[in-house]
Amino acid sequence: MTGLAGAKRIVVKVGSALLVGADGADAQWLAAFAADVARLRARGQQVLVVSSGAVALGRRRLALRKRALTLPEKQAAAAAGQSALMRAWEEALEPHGVHAAQILLTRDDTEVRRRWLNARATVETLLALGVVPVVNENDTVVTEEIRYGDNDRLAARVAQMIGADVLVLLSDVDGLYTADPRNDPSAEHLPRVPRLTPQIEAMAGGANAESGVGTGGMATKLAAARIASAAGCATVITLGARPSPLRAVEDGERATVIEPSTTPAAAYKAWIAGSLAPAGALVVDEGAAQAVRRGKSLLAAGVRRTEGRFDKGDAVVIRDEAGHEIARGLVRYEAEDAERICGLKSEAIEAALGYTSGPLVHADDLALAAHAAA
Ligand code: GLU
């Protein structure tokens, strides 16, 4: 009913409070959760985990137990704790024959397009290899001004980056209520939120006080859900402290599902078509124009010339020789290399450049102009 069973790609955010007990990583919870993840993987679903816990584990390691840490102390704790965190994930996943891979991101990695594309390519490769990427913020290098700040938002950005269909935020409450259930007996649980209205957002106030170990309360969960929803990804907020929280959701235990407002593919195409300033253009012959209109990749063979100084990963306009815009897309070669391979068959690209990145613009990265669809 949450769509978890039908999802192809799932991002699960695990907070510090779940992972870190009084004596370090909570191996028992992790072992049960790893079994839950392995079950999804065995069904052919791809799972990425966004895991907090570096600061909490590092504090213990470095005996920094006083309440408030300075920023350099927090960063030192994260540096010492991140390796312990990864060891805990590896030990939990290993019995299932599943490898973990560490990915540390900063905000720029999801906002600067070139880095975004690189990070996405790495995550795609790991997922295709059956690995469970374990993502955290790269706390040791970010300053307060450029932080995501909380892993709920980081998880939503990662879900957007990889076109996930479901984002699961494991929390210390089993979803969203109309009021704070701890002090208002009339509070009602909301199993399904079709749209994030201002009224729904107002309910987040006080519904989930900070737990003391991690950051984000319910307001940051809704901020994350807003990012996910616009990216075509459903958000599930549920209790994380159960041994197998994903199975529990599938079995119908309490959760709140916030529905997406679009599909991942449509959100991605809208982003290419609308949000990016094109850095150049590719002028294509009639055959290539037809192919692109039918949803095919743009091959170098059909490109007559390039315009502008674009970089690999930049948005470009695709025009026919009469100057009509056909589509926009993300180009896989920088301008100079693109110019050198204009008109070449795909097999000849490697000889010309010493490498190949495939088609000039891949079909997945193309958004047709409104009037251009065949
Ligand atoms: N990145 C932080 C850590 O691993 C946690 C941030 C959060 O929980 O929101 O300790």
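For every chain, the first residue of the written sequence is number 1, and numbering continues from 1 along that sequence. The model is predicted, so local features are restricted to residues of pLDDT at least 70 and side-chain atom pairs to those at 80 or more, both for listing and for counting; the totals for chains, interfaces and linings are taken over all residues. As a rule here, side-chain values cover all heavy atoms of the structure and leave hydrogens and water aside.

Another point: the overall build of the protein. Within the protein one finds 14 helices and 17 strands. With the C-alpha coordinates aligned to their principal axes, the bounding extent of the protein is approximately 65 × 45 × 40 Å. Within the protein, buried positions represent 53% of all 374 residues. In the protein, once contacts between residues fewer than 6 apart in sequence are set aside, the share between residues at least 24 apart is 73%. Accessible area of the protein: about 16500 Å², with a carbon and sulfur share of 51%. Looking at charge distribution, the protein has the averaged site of its 43 positive side-chain charges lying 0 Å from that of its 45 negative ones. Helix and strand assignments follow DSSP, with helices taken as H or I runs no shorter than four residues and strands as E runs no shorter than two, numbered in order from the N terminus. Only protein chains enter the accessibility calculation, which uses a 1.4 Å probe; a residue is then buried when its area is under 20% of its type maximum, exposed when over 50%, and partly exposed in between. Two residues qualify as a contact provided that any one of their heavy atoms is within 4.5 Å of a heavy atom in the partner residue. Note that accessible areas follow from Shrake-Rupley with a 1.4 Å probe, and for residues the cover is restricted to the protein chains shown. Only four residue types enter the charge count: Lys and Arg as positive, Asp and Glu as negative, with His and the chain ends excluded. Every charge is mapped to an atom, namely NZ of Lys, CZ of Arg, CG of Asp or CD of Glu.

Here we take up the environment of leucine 222. Its place among the elements puts leucine 222 in helix 9 (residues 218-230). Note: C-alpha distance between leucine 222 and glycine 53 (169 residues apart in sequence) is 21 Å.

Before going further, it helps to examine the pattern of salt bridges. Any Lys or Arg side-chain nitrogen located within 4 Å of an Asp or Glu carboxyl oxygen qualifies as a salt bridge. Taken as a whole, this structure holds 18 salt bridges when the rule is applied. A salt bridge links arginine 9 to glutamate 124, with the nearest nitrogen and oxygen atoms 2.7 Å apart. Taken as a pair, arginine 9 in strand 1 (residues 9-14) and glutamate 124 in helix 6 (residues 113-128) lie far apart in primary sequence, 115 residues in all.

Paired through their backbone hydrogen bonds, the strands of a sheet run either parallel or antiparallel. As summarised here, the arrangement of the 8 strands in space is 5-6-4-1-7-11-12-10, forming an open sheet in which the pairing is mixed. One side of each edge strand has no neighbouring strand; the edge strands of this open sheet are strand 5 (100-105) and strand 10 (192-193). Whether two strands pair depends on DSSP finding at least two bridges between them. Bridge count for strand 10 against strand 12 (residues 255-258) is 2 bridges, and the pairing is parallel. Residue pairing for strand 12: arginine 192 is matched across the bridge by valine 257. Interaxial angle, 0 to 180 degrees, is taken between N-to-C directions of lines fitted to C-alpha atoms, where a helix line uses only the stretch in contact. Those strands touched by helix 4 (residues 71-93) are strand 1, strand 4 (46-51), strand 5 and strand 6 (132-137), and its axis lies near 150° from that of strand 5.

With that settled, the discussion passes to the packing of helix 3 (residues 54-61) against helix 4. At a minimum axis distance of 6 Å, the contact between helix 3 and helix 4 shows a crossing angle of 100°. As the angle between them shows, helix 3 and helix 4 are arranged roughly perpendicular. Every residue of helix 4 that contacts helix 3 at Ala54, Val55, Leu57, Gly58, Arg59 and Arg61 is listed here: Lys74, Ala77, Ala78, Ala80, Gly81, Gln82, Ser83, Ala84, Leu85 and Arg87. For this scheme, ten residues count as nonpolar: Ala, Val, Leu, Ile, Met, Phe, Trp, Tyr, Cys and Pro. Four count as charged, namely Asp, Glu, Lys and Arg, and the remainder, Gly too, count as polar. Looking at side-chain class alone, the contact of helix 3 with helix 4 contains 8 nonpolar, 4 polar and 4 charged residues. Each angle gets one of four labels, with under 35 degrees taken as roughly parallel, over 145 as roughly antiparallel, 65 to 115 as roughly perpendicular, and the rest as oblique.

Considering the arrangement of structural elements, one finds serine 52 in the loop between strand 4 and helix 3. Apart from the residues within four sequence positions on either side, serine 52 is in contact with Lys13, Val14, Gly15, Ser16, Leu19, Leu85, Asn136 and Asn151.

Pairing in this open sheet of 5 strands is mixed, and the strands run 14-13-15-16-17 from one edge to the other. The strands lining the two open edges of the sheet, one partner per strand, are strand 14 (303-308) and strand 17 (366-368). For this sheet the average axis-to-axis angle between neighbouring strands, irrespective of direction, equals 25°. In this structure, strand 16 (residues 325-330) lies alongside strand 17, joined through 3 bridges in antiparallel fashion. Directly across from glycine 329, in strand 17, lies its bridge partner leucine 366. Running over the sheet, helix 12 (residues 286-293) touches strand 13 (280-284), strand 15 (315-320), strand 16 and strand 17 and is turned about 70° from strand 16.

For the rest of this paragraph, the subject is helix 12. An α-helical turn contains 3.6 residues, so any two residues separated by three or four positions project in the same direction. Among the residues making up helix 12, those that are buried are Ala288, Ala289, Ala291 and Val292. In an axial view of helix 12, the angular spread of the buried residues amounts to 165°, which keeps them on one side of the axis. Close packing links the buried residues of helix 12 with strand 13, strand 16 and strand 17. Backbone nitrogen of glycine 287 and a side-chain oxygen of the N-cap are separated by 3.2 Å at the start of helix 12; the cap is aspartate 285. Count one or two residues on from helix 12 and you reach glycine 295, which has phi positive near 90°. By construction, the arc corresponds to the directions joining the helix axis to the C-beta atoms. Counting of polar contacts relies on pairs of N or O atoms within 3.5 Å, with two restrictions inside protein: one atom must be capable of donating a hydrogen and the other of accepting it, and residues adjacent in sequence are counted only when both atoms are side-chain atoms.

With that out of the way, let us pick up the environment of alanine 291. If you trace the backbone, alanine 291 turns up in helix 12. Classification of alanine 291 by relative accessible area gives buried; the value is 16%. Put simply, alanine 291 and glycine 302 are 11 residues apart on the chain and 9.4 Å apart in space, counted from C-alpha to C-alpha.

As a further point, take the packing of aromatic side chains. Whether two aromatic rings pair depends on their centres lying within 6.5 Å, for rings of Phe, Tyr and Trp, where Trp uses its six-membered ring; planes under 30 degrees apart make the pair stacked, over 60 edge-to-face, and the rest tilted. Under the counting rule described, the total for this entry stands at 6 aromatic pairs. Ring geometry for tryptophan 116 against tryptophan 271: centres 5.0 Å apart, planes inclined by 35°, an arrangement best described as tilted. Highlighted residues: tryptophan 116 in helix 6 and tryptophan 271 in helix 11 (residues 264-275), separated in sequence by 155 residues. Taking 5.8 Å as the distance between ring centres and 25° as the angle between the ring planes, the aromatic pair formed by tyrosine 268 and tryptophan 271 counts as stacked. Taken as a pair, tyrosine 268 and tryptophan 271 lie in helix 11 at a separation of 3 residues, close to a single helical turn. Joined through ring pairs, the aromatic side chains of Trp29, Phe33 and Trp89 make up one cluster.

One fewer than the residue count of a helix, multiplied by 1.5 Å, yields its expected span. With 16 residues, helix 6 extends 22 Å between its outermost C-alpha atoms, agreeing within 8% with the 22 Å of an ideal straight helix rising 1.5 Å per residue. Within the sequence span of helix 6, burial applies to Arg113, Trp116, Leu117, Ala119, Arg120, Val123, Leu126 and Leu127. Just downstream of helix 6 lies glycine 130, where phi reads positive at about 85°.

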